[in-house]
Amino acid sequence: MTDPMVQMQMDDHIRAALREDMPFGDVSTMAVMPEARPGRVQLIAKADGVIAGLAVFSRVFELLDPASHVEARVADGDEVSFGQVLAVVEGDVRALLEGERTALNYLQRMSGIATYTRRVAAALAGTGTTLVCTRKTTPGMRLFEREAVRLGGGGMHRFGLSDGVLLKDNHIDAAGGVSQAVAAARASAPFVDKVEVECETLDMVAEAVEAGADIIMLDNMDHEQMAEAVALVAGRAQTEASGNVDAANAAAYADLGVDFVSCGALTHSAPILDLSLKHLEVLG
């Protein structure tokens, strides 16, 4: 996350999270540490998983104390194990105490998503099918959660509604049918945009192909229907399998030959990776 605009968004989000946590200061820290003192604390894994979000974790402390420093002993995307020391954070003790929960919230959430993504991606490894995330993200957290998916080995779908045409069931109903919806999108969207259509039946798939859709989402079909749909498309459009995909059933999509598998569970169902800041030392 080195792009200046991304950095600004990240900083705005972190500042808002810190204000939420201590709108009138940290009364506990002010009581035990009223003045600046140097200190350090260890970041320790309390479970096995994939680490993701170290830059966000570090930035929390930098915004509280520009002189703070995080000595990371692992890198984003690394697999970590229970009891492993992942980093040492040094800075004003007040910043270490004030930023602890916010920094861990980001890191635990992102690492949990990366860990879950790695599991799902492994089920599709070697198939030629790309695992992608969805817009089923925590409001305000999409920037962080999608980065966690990437670090876990997943791919990107559109970031938001402004980034691509995806005609879902309600769009199709509003337009009066698949063909009408595709025609309307072609007439108004920029020519560089691909048009994706969500299809729930083989008849809709056939209509979407004839209408010239670029990508056809096979939504909530069973395995047999999806296989028939892929054969029906016959390479005339890219295909995306979607609907209730998770770590338990992802492998069932491996033999379908679809181009993409989209999985909302990557961001809406991944548990956190348990991490902790421990063994704080006051150095002077």
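Residues numbered from 1 in each chain as written. Predicted model: local features only at pLDDT ≥ 70, side-chain atom pairs only at ≥ 80, totals over all residues. Heavy atoms only, no water.

Q: What is the right way to look at the sheet that holds strand β12 (residues 275–282) in this model?
A: Pairing between the strands of a sheet is mediated by backbone hydrogen bonds and can be parallel or antiparallel. Reading across from one edge, β3-β5-β1-β12 is the order of the 4 strands in this open sheet, with antiparallel pairing throughout. Among the strands making up the open sheet, the edge pair consists of β3 (69–72) and β12. Across the sheet, the mean angle separating the axes of adjacent strands is 20° when strand polarity is ignored. Strand contacts of helix α3 (residues 54–64): β1 (38–45), β3, β5 (85–92) and β12, with the helix running at about 155° to β3, the strand carrying the most contacts. Strands β1, β5 and β12 of the sheet are contacted by helix α4 (residues 93–124), whose axis makes an angle of about 160° with β12. (Pairing = 2+ DSSP bridges. Helix = DSSP H or I, 4+ residues; strand = E, 2+ residues; numbered from the N terminus. Axes fitted to C-alpha atoms, helices over the stretch in contact; angles between N-to-C directions. Contact = heavy atoms within 4.5 Å.)

Q: I would appreciate a short explanation of the sheet that holds strand β10 (residues 238–242) in the present structure.
A: Taken in spatial order, the 6 strands line up as β6-β11-β10-β9-β8-β7 in an open sheet, and their pairing is parallel. Unpaired on one side and paired on the other, β6 (130–132) and β7 (165–167) mark the two borders of the sheet. The mean angle between the axes of side-by-side strands here comes to 25°, regardless of whether they run parallel or antiparallel. Bridge count between β6 and strand β11 (residues 260–262): 3 bridges; the pairing is parallel. Its bridge partner lying in β11, Thr130 is registered against Phe260.

Q: So what exactly am I meant to see when it comes to the side chain of Ser111 here?
A: Mapped onto the fold, Ser111 is located in helix α4. Assessed through its relative accessible area of 0%, Ser111 is described here as buried. Excluding residues within four positions of it along the chain, Ser111 makes contact with Val50, Ile51, Ala52, Leu273 and Leu275. (Buried < 20%, exposed > 50% of the residue type's maximum accessible area, 1.4 Å probe, protein only.)

Q: When you look at the environment of Phe82 in this model, what are you seeing that I'm missing?
A: Relative to the helices and strands, Phe82 is located in the loop between β4 (79–80) and β5. Taking the relative accessible area as the measure of exposure, Phe82 reaches 61% and is therefore exposed. Contacts of Phe82, omitting those with residues within four sequence positions, involve Ala45, Lys46, Ala47 and Asp48.

Q: Is there a simple way to think about helix α5 (residues 142–152) in this case?
A: Given 3.6 residues to a turn, an α-helix orients residues that are three or four positions apart in the same direction. Across the 11 residues of α5, 9 count as buried, placing the element largely inside the fold. Of the residues making up α5, those classed as buried are Leu143, Phe144, Glu145, Arg146, Glu147, Ala148, Val149, Leu151 and Gly152. In this fold, the buried residues of α5 make contact with α1 (4–21), α3, α4 and α10 (265–268). Two residues or fewer past α5, Gly153 is found with a positive phi of approximately 105°.

By themselves, these figures tell us nothing about what the structure is for.
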